[in-house]
Amino acid sequence: ARLAVPDAASLMVEPQPGKAPLLESLARSLPGTRFASALLSSEAGTAVTFFEMETGSSMLAERSNASRLETSLITTTLDQIAGDAAGPIFLKIDTQ
């Protein structure tokens, strides 16, 4: 992304609270990168149950016996997190 748009900022968004320390550290080490520990949705301010289970983490409960951690999170929107960006932003989106 930096080769194609060198002045683009990078924004990392991850809802899993357990991933935040590592991603915050990574963001601090990469120029032009910031991290937001947030659960994105179409509407902000909704309390939801988030099922944390590595790559299967979701607001939707998986029908399996895989172990998971249930966490209550408040949703936010991409506009709220990235709306103050001064220029282009590189986004890589993983949705469910």
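Only a predicted model underlies this, so the values are computations on that prediction, with no experimental measurement involved.

*Asks:* Could you give an account of the sheet that holds strand E5 (residues 69-76), with specific residues and numbers?
*Replies:* Strand order across the open sheet formed by three strands is E3-E5-E4, with mixed pairing between neighbours. This sheet does not close on itself; its edge strands, each paired only once, are strand E3 (39-40) and strand E4 (47-52). Note that E3 and E5 share two bridges and pair parallel. Counterpart to Leu 40 in the pairing with E5 is Thr 76.

*Asks:* Got a sec to walk through the pattern of salt bridges? Specific residues and values, please.
*Replies:* Per the stated rule, a full pass over the model turns up one salt bridge. We note a salt bridge from Arg 34 to Asp 84, for which the minimum N-O separation is 3.3 Å. Of the two residues, Arg 34 sits in strand E2 (residues 33-37) while Asp 84 sits in the loop between helix H2 (78-82) and strand E6 (89-90), which places them 50 residues apart along the sequence. On the basis of relative accessibility, which here comes to 61%, the residue Asp 84 falls in the exposed class.

*Asks:* Break down the pairing of E5 for me, citing the residues and quoting the values.
*Replies:* Bridging between E4 and E5 involves six bridges; their strand directions are antiparallel. Of the residues in E5, the one forming a bridge with Ala 47 is Ile 74.

Analysis parameters
Residues numbered from 1 in each chain as written. Predicted model: local features only at pLDDT ≥ 70, side-chain atom pairs only at ≥ 80, totals over all residues. Heavy atoms only, no water. Pairing = 2+ DSSP bridges. Helix = DSSP H or I, 4+ residues; strand = E, 2+ residues; numbered from the N terminus. Salt bridge = Lys/Arg side-chain N within 4 Å of Asp/Glu carboxyl O. Buried < 20%, exposed > 50% of the residue type's maximum accessible area, 1.4 Å probe, protein only.

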